[in-house]
Amino acid sequence: MNIIPKPQYLKLKNSCSYFSNDFEILFDFDDERKEFLKDFIVDETDKFSSIKSKNKFTLALKIDEQPSEFYSLSIENNKCNITGADYASVFYGIVTFLQILESSKEENYKIRDLMLEDKPRFKYRGLHLDVSRHFFKISFIKRYIDLMAIYKYNTFHWHLTDDNGWRLEIKKYPKLTEIGAWRVDREDEPWRKRQPAKSGEKATYGGFYTQEEVKEVIEYANRRGIEIIPEIEMPGHSLEVLASYPELACFPGEFFPAPGSYWPNKDIFCAGKEEVFEFIENVLTEVTDLFPSKFIHIGGDEANKSNWKICPKCRQRIKDENLKDEFELQSYFILRIEKFLLSKGKTIIGWDEILEGGLAPQAVVMSWRGFEGGIKSAQMNHNVIMTPESYCYLDHYQSDPCTEKDAIGGYLPVKRVYSFDPVPQELTQEQRKYILGAQGNVWTEWIPDEKHCEYMILPRMIALAEVLWTNKDLLDWNDFRLRLDKEILKLTRLGFNVCPGSSKINFIPDFTEGYNVISLDSELSSPEIRFEFDEETGKNSQKYQNKSIKFDRETDLYAAIFKDGKKFGKDSVLKIIPNPSIKHNLELITEASYRYPGFGKEIIKSYFRADEDFKSPLWLGFQSDVRINLIPDSDLSSLEFVFLHKPGCMIYLPPEIIVKDKEDNRLKSQKFTPPEKETEVVQAKFDFNFKKNTKYELALKFRGNVTSGAEVILSWIFINQIICR
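With that settled, the discussion passes to the sheet that holds strand S6 (residues 110–118). Read across the open sheet, the six strands follow the order S1-S6-S4-S5-S3-S2; overall the sheet is mixed. Sheet topology places strand S1 (9–18) and strand S2 (23–28) at the edges, where each strand pairs with a single neighbour. Recorded for the sheet is a direction-independent mean angle of 15° between the axes of neighbouring strands. Across six bridges, the pairing between strand S3 (residues 57–63) and strand S5 (residues 79–84) is parallel. Its bridge partner lying in S5, Lys62 is registered against Thr83. The sheet contacts of helix H1 (residues 34–45) involve S2 and S3, and relative to S2 the element is tilted by about 155°.

As structure tokens, then:
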């Protein structure tokens, strides 16, 4: 039975019922949306071929007092009873029933009788869409919402404004859509190579939504149990506003909505001008009148404050308000907007940069730069929506880049999305209640059209939907993959553009067989994998027979998926470096972080060299000193540590290694010099005469906190192999 997300409780009975097109719908509640539900059910069941049964089928819908978003579904005696806590819960039950019906198609809609009880793990289950970088028509927004409804998402985050275009009609400020909604068309050029607009160039790319169209979409979503949260960016990402109303800048001039992205982006609202706050409050008044959602997202991310440092009005504001610096000025800015929105009965959401300079009292933090912002906010008793880039950014590549259209970068296959847990283990049980849920983000710099957008979200949004709905102990990748295969076939048949899955090969060590044994796997079901040593694969390469591969020499293992005799994607490559450490008693004492546990502590003695991808499970990640015990089986002259150096991701070499004897006497220490490259796999050598059968305790010292802008962030140590020489 193909139900996604997997329900919390499902019991199949031995009896069966038979669905028929000749069915009746009974309502045991009053709601103005009942007529929509009836039409929705009829439309969805009409997609199936004509179904006839001797007995009439009944679908009974009821609202009863239950826990929030709970629904129960039972099928017996040709009747399906759905009882929910509210309208949305009943809708979830209907969606589940339709999936059950789809699953019974091959048996002519003979349905196993069953009892099902279900409710979501998280109250916030969101999907985001950026319509500023590229504009999407109302018809596609509805199609997007349809997909969300199938998988029981309940929040659509509509990113309506950014440097590249303002997309919402504001009646008080018509220039926002007359000027700010249109940019010079450079769609034939790569996003990051586009030249800024020049004076006199005609702006022809863009579009906007009228307030009547927005009302239509809000109602459309509401009927499907989905709330829409609008995002109005501030104080940065506001170039399109300054193009429309340049007097709102620190230094007024001629501005144009951006055809691409440019860094550093210094264009920002002037925090020293009262007319800026008057403008924003007028805009937000129309926004709050239009959107019934309890939340308004105000952005707050990537606000370059260079102009604030030199703007006389901003400097005066800092002085008048007794602020420390421009970071506290941003906090002042956000606090003013929060106070205004609270007066309208709304709560603000902001990206995790709103932590800088002090957090607004009732703000909800959307943590995107990792987990740290969310952890810090929850520890301050603030509600959090987790959306870390490494798990939730659906604009990243999901397969081998050589087989894909251009993307912003990264690598986020569906299996990694499915491994996401929004609740950090660092939080206490009390603090965990502040994690409202999580959200998938779809930024559209590299997503120019509807079909490409579908390709980027499918099937990853399905994996995220199950993570957010189903209890953690019920999640099972192998079971999900089987259900997902059927779901992909269904969606493809319905005309959606679905990514077939990652063509990358997963190299999986088998430490029960040895430190030099590996098996090959793929996200794809029953793939044909071929492999080769020291050279690229071809049609005559060895076919992988689901047996472990054992290595006894240094080599490069090439592996790829083949379809109909042709390579699908390019080779995945694993470097094999024999490791003499397997002969010695070498033990990693410190546990790796639960975020980067890799294949386990045995990896340090393995033959398998990691590459520069810090997400690879060949790496172990630590946020503390790393303790290692060593008892050599023979005299050694050195140890070689394989580290990752990637400061952009807060990953650094340990500054120092210390070796002690069993009596805790310090024998030697050594500093490690970081490489010059931004990203590099480093083989760091530590020279020392280790004596046979002598116990040594080694400590890789932790760098600790690293300053990034106004934030203090905990750094990382990443280790792969430790090689005894």
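Before going further, it helps to examine the nonpolar core. Ranked by internal contacts, the top residues of the largest apolar core, which has 156 residues, are Trp158 and Phe333. For this core, the leading source of residues is helix H2 (residues 87–103), giving eleven residues. When residues are assigned to domains, this core turns out to be shared by domain 1 (9–118) and domain 2 (124–494), each giving three or more. In this structure, Trp158 is in contact with Leu129, Val131, Ile138, Ile141, Tyr209, Val214, Val217, Ile228, Ile229, Pro230, Glu231 and Phe291, ignoring residues within four places of it in sequence. With 62 residues, the next largest nonpolar core counts Leu557, Leu618, Val626 and Tyr652 among its residues.

The linkage connecting Met234 with the following residue, Pro235, adopts the cis geometry, with an omega of -10°. As for its placement among the helices and strands, Pro235 is situated in the loop between strand S13 (227–234) and helix H6 (239–244). For the bond running from Leu458 to Pro459, omega is 10°, close enough to zero to count as cis. Examined against the element boundaries, Pro459 turns out to sit in the loop between helix H14 (450–457) and helix H15 (460–469). Phi is positive for Glu69, close to 65°, though the residue is something other than glycine. Secondary-structure assignment places Glu69 in the loop between S3 and strand S4 (71–76).

Taken N-terminus to C-terminus, the directions of helix H7 (residues 274–290) and helix H10 (residues 326–343) make an angle of 40°; their axes are 11 Å apart at the nearest point. Relative to H10, the element H7 is oriented oblique. For the element pair H7 and H10, the recorded crossing hand is right-handed. Side by side, H7 and H10 meet where Glu274, Val276, Phe277, Ile280, Glu281, Leu284, Thr285 and Thr288 of the first sit next to Tyr332, Phe333, Arg336, Ile337, Phe340 and Leu341 of the second. Class assignment of the residues belonging to the contact of H7 with H10 gives a composition of nine nonpolar, two polar and three charged.

Cut-offs applied
- Position numbers for residues start from 1 in each chain and track the written sequence from start to end.
- Whole-chain, interface and lining totals are the exception, using all residues; otherwise, since this is a predicted model, local features are given only for residues with pLDDT of at least 70 and side-chain atom pairs are given and counted only at 80 or more.
- Water and hydrogen atoms play no part in the side-chain values, which are based on all heavy atoms of the structure.
- Here, a strand pair is defined by DSSP locating no fewer than two bridges between the strands.
- By definition, any uninterrupted DSSP run of H or I lasting at least four residues is a helix, any uninterrupted run of E lasting at least two residues is a strand, and each is numbered from the N terminus.
- Note on geometry: axes are C-alpha line fits, over the in-contact stretch for helices, and angles between N-to-C directions span 0 to 180 degrees.
- The contact definition used throughout considers only heavy atoms, calling two residues in contact when any of these lie within 4.5 Å.
- Each nonpolar core is a collection of buried residues, namely Ala, Val, Leu, Ile, Met, Phe, Trp, Tyr and Cys, held together in the definition by side-chain atoms within 4.5 Å.
- In this scheme, a residue with accessible area under 20% of its type's maximum is buried, one over 50% is exposed, and one in between is partly exposed, where area comes from a 1.4 Å probe on protein chains only.
- Throughout, the edges of the domains are those of an automatic or database domain assignment.
- By definition in this entry, angles of less than 35 degrees are roughly parallel, angles greater than 145 are roughly antiparallel, angles of 65 to 115 are roughly perpendicular, and the rest are oblique.
- Two helices crossing with the near one rotated counterclockwise from the far one by less than a right angle form a left-handed crossing, whereas a clockwise rotation gives a right-handed crossing.
- Under this grouping Gly is polar, as are all residues other than the nonpolar Ala, Val, Leu, Ile, Met, Phe, Trp, Tyr, Cys and Pro and the charged Asp, Glu, Lys and Arg.

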